[in-house]
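Now for the letters of each chain:
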Amino acid sequence: MVTNTAIAVRRLSVQDYHRMAESGILQPDERIELLEGQIIQMAAKGTAHSAAVSRIESVLRARLAGEVLLRFQDPVRLNDYSEPEPDVAVVRPDPLYYEDHHPNPSEVYLLIEVSDTTLKFDRETKAPAYARSGITEYWVLDVNDRKLHVYQVPSAEGYQSETILSEGLTVAPLAFPDCVIVVRELLRSQA
């Protein structure tokens, strides 16, 4: 006789995750992140991905110099069960440069993921996790379709606003409305 029994899944906490790294279970060179209690293997960074991250860095450094701290593929602690490593985190300046902790949602202005092979994951898994933790604004740069997905108004159910911008349109981070960016600036030139 078969009965329907719920299967309990044990989620890893951020502390568990750190202990696994400290004990050598997780290797320092592994491309992984903790999201909602699960260890996620991150996709390899292709050249289009790396170039887009560099373009984003150049644009944001030029326009927000002295106003923010930019972090690239470094951890952000969303809650006790999530410590993802977004491609770009635009965070509040910190005198210790976050040496004593990873930025938390109250210290994050904007998170950006660059998608060349991970669009579905970035939109359907990361976006809800970021929204539930209260990340005010999240962008996904789709380098293949040359679009920017802008997520705002976080809630427990996910972001209440998603706008998809084509490369000729402009965007400005909510926290920095004067920092106007043409989406094309973040993409490979089509000369």
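About the cut-offs
Position numbers for residues count from 1 along each chain, tracking the sequence in the order it is written. Note on the predicted model: pLDDT of at least 70 is required for a residue's local features to be given, and 80 or more for side-chain atom pairs to be given and counted; whole-chain, interface and lining totals, by contrast, use all residues. Think of the side-chain values as coming from all heavy atoms in the structure, minus any hydrogens and water. Secondary structure counts use DSSP, requiring at least four H or I residues in a row for a helix and at least two E residues in a row for a strand, with both numbered from the N terminus. The size measure is the radius of gyration over C-alpha atoms, and the globule rule it meets is 2.2 Å times the number of residues to the 0.38 power. Residue contacts are defined here by distance: any two heavy atoms, one from each residue, within 4.5 Å place the two residues in contact. Residue-level accessible areas treat just the shown protein chains as cover; the underlying method is Shrake-Rupley with a 1.4 Å probe. By nonpolar core we mean a set of buried residues, namely Ala, Val, Leu, Ile, Met, Phe, Trp, Tyr and Cys, connected to one another through side-chain atoms within 4.5 Å. Burial here depends on accessible area, computed with a 1.4 Å probe over protein chains only, as a share of the maximum for the residue type. Under 20% is buried, over 50% is exposed, and the range in between is partly exposed. Only centres within 6.5 Å qualify two rings of Phe, Tyr or Trp (six-membered ring in Trp) as a pair; their planes then separate them into stacked at under 30 degrees, edge-to-face at over 60, and tilted for everything else. Our definition puts a charge over a ring when NZ of Lys or CZ of Arg is within 6 Å of the ring centre and also within 35 degrees of the ring normal. Two strands qualify as a pair provided DSSP detects at least 2 bridges between them. Helix axes use the C-alpha atoms of the stretch in contact, all axes being lines fitted to C-alpha atoms, and the angles between their N-to-C directions lie in the range 0 to 180 degrees.

Points about the overall build of the chain
Working step 1: Broken down by element type, the chain carries three helices and ten strands.
Working step 2: Start at the N end of the chain and walk to the C end: the helices and strands fall as α-β-β-α-β-β-β-α-β-β-β-β-β.
Working step 3: In terms of C-alpha radius of gyration, the chain reaches 17 Å, essentially the compact-globule figure of 16 Å for 191 residues.
Working step 4: Seen through its C-alpha atoms, the chain measures out along the principal axes to roughly 65 × 45 × 30 Å.
Working step 5: Taking contacts inside the chain between residues at least 6 apart in sequence as the whole, the part at least 24 apart equals 50%.
Working step 6: Per element, the accessible surface of the chain, about 10,300 Å² overall, is 50% carbon and sulfur.

Digging into the nonpolar core
Working step 1: With 28 residues, the main nonpolar core has Leu60 and Val90 as its most contacted residues.
Working step 2: Broken down by secondary-structure element, the contributors of at least two residues to this core are α2 (47-64), β3 (69-72), β4 (88-91), β5 (108-115), β6 (137-142) and β7 (147-152).
Working step 3: The dominant element in this core, judged by the number of residues it contributes, is α2, at six residues.
Working step 4: Other than its neighbours up to four places away in sequence, Leu60 contacts Ala65, Leu70, Val88, Val90, Ile112 and Ile181.
Working step 5: The next biggest cluster of nonpolar side chains, apart from the first, holds 19 residues, and it includes Ile40, Val91, Tyr98 and Ala129.

Observations regarding the packing of aromatic side chains
Working step 1: In total, this model carries five aromatic pairs according to the counting rule given.
Working step 2: Pairing Tyr151 with Tyr159 gives two aromatic rings, centres 5.7 Å apart and planes at 45°, and the pair type is tilted.
Working step 3: Exposure remark for Tyr151: the relative accessible area of 5% places this residue in the buried category.
Working step 4: Residue Tyr159 is classed as buried on the basis of its relative accessible area of 14%.
Working step 5: Taken together, the aromatic side chains of Tyr130, Tyr138, Tyr151 and Tyr159 make up a single cluster linked through ring pairs.
Working step 6: Looking at Arg11, its charged tip hangs above the ring of Tyr81, at a distance of 3.9 Å from the centre.

Some details on the environment of Arg184
Working step 1: Within the fold, Arg184 resides in the segment after β10 (181-182).
Working step 2: Considered as a pair, Arg184 and Lys147 are 37 residues apart in the sequence and their alpha carbons are 8.6 Å apart.
Working step 3: With residues near it in sequence (within four places) discarded, Arg184 still touches Glu167 and Gly168.

A few points about the sheet that holds β3
Working step 1: Across the sheet, which stays open at both edges, the six strands sit in the order β3-β4-β5-β6-β7-β8 with mixed pairing between neighbours. Both outer strands of the open sheet, β3 and β8 (161-166), are each paired with one neighbouring strand and no more. Averaged over all pairs of adjacent strands, the angle between their axes in this sheet comes to 15°, without regard to strand direction.
Working step 2: Across five bridges, the pairing between β5 and β6 is parallel. Of the residues in β6, the one forming a bridge with Leu111 is Tyr138.

Section: the pairing of β7
Working step 1: In terms of burial, β7 is a largely internal element, five of the six residues being buried.
Working step 2: Linkage of β6 to β7, two consecutive antiparallel strands, is achieved through a turn of four residues, within which Arg146 is found at a positive phi near 55°.
Working step 3: Bridging between β7 and β8 involves six bridges; their strand directions are antiparallel. Looking at the pairing, Leu148 lines up with Leu165 of β8.

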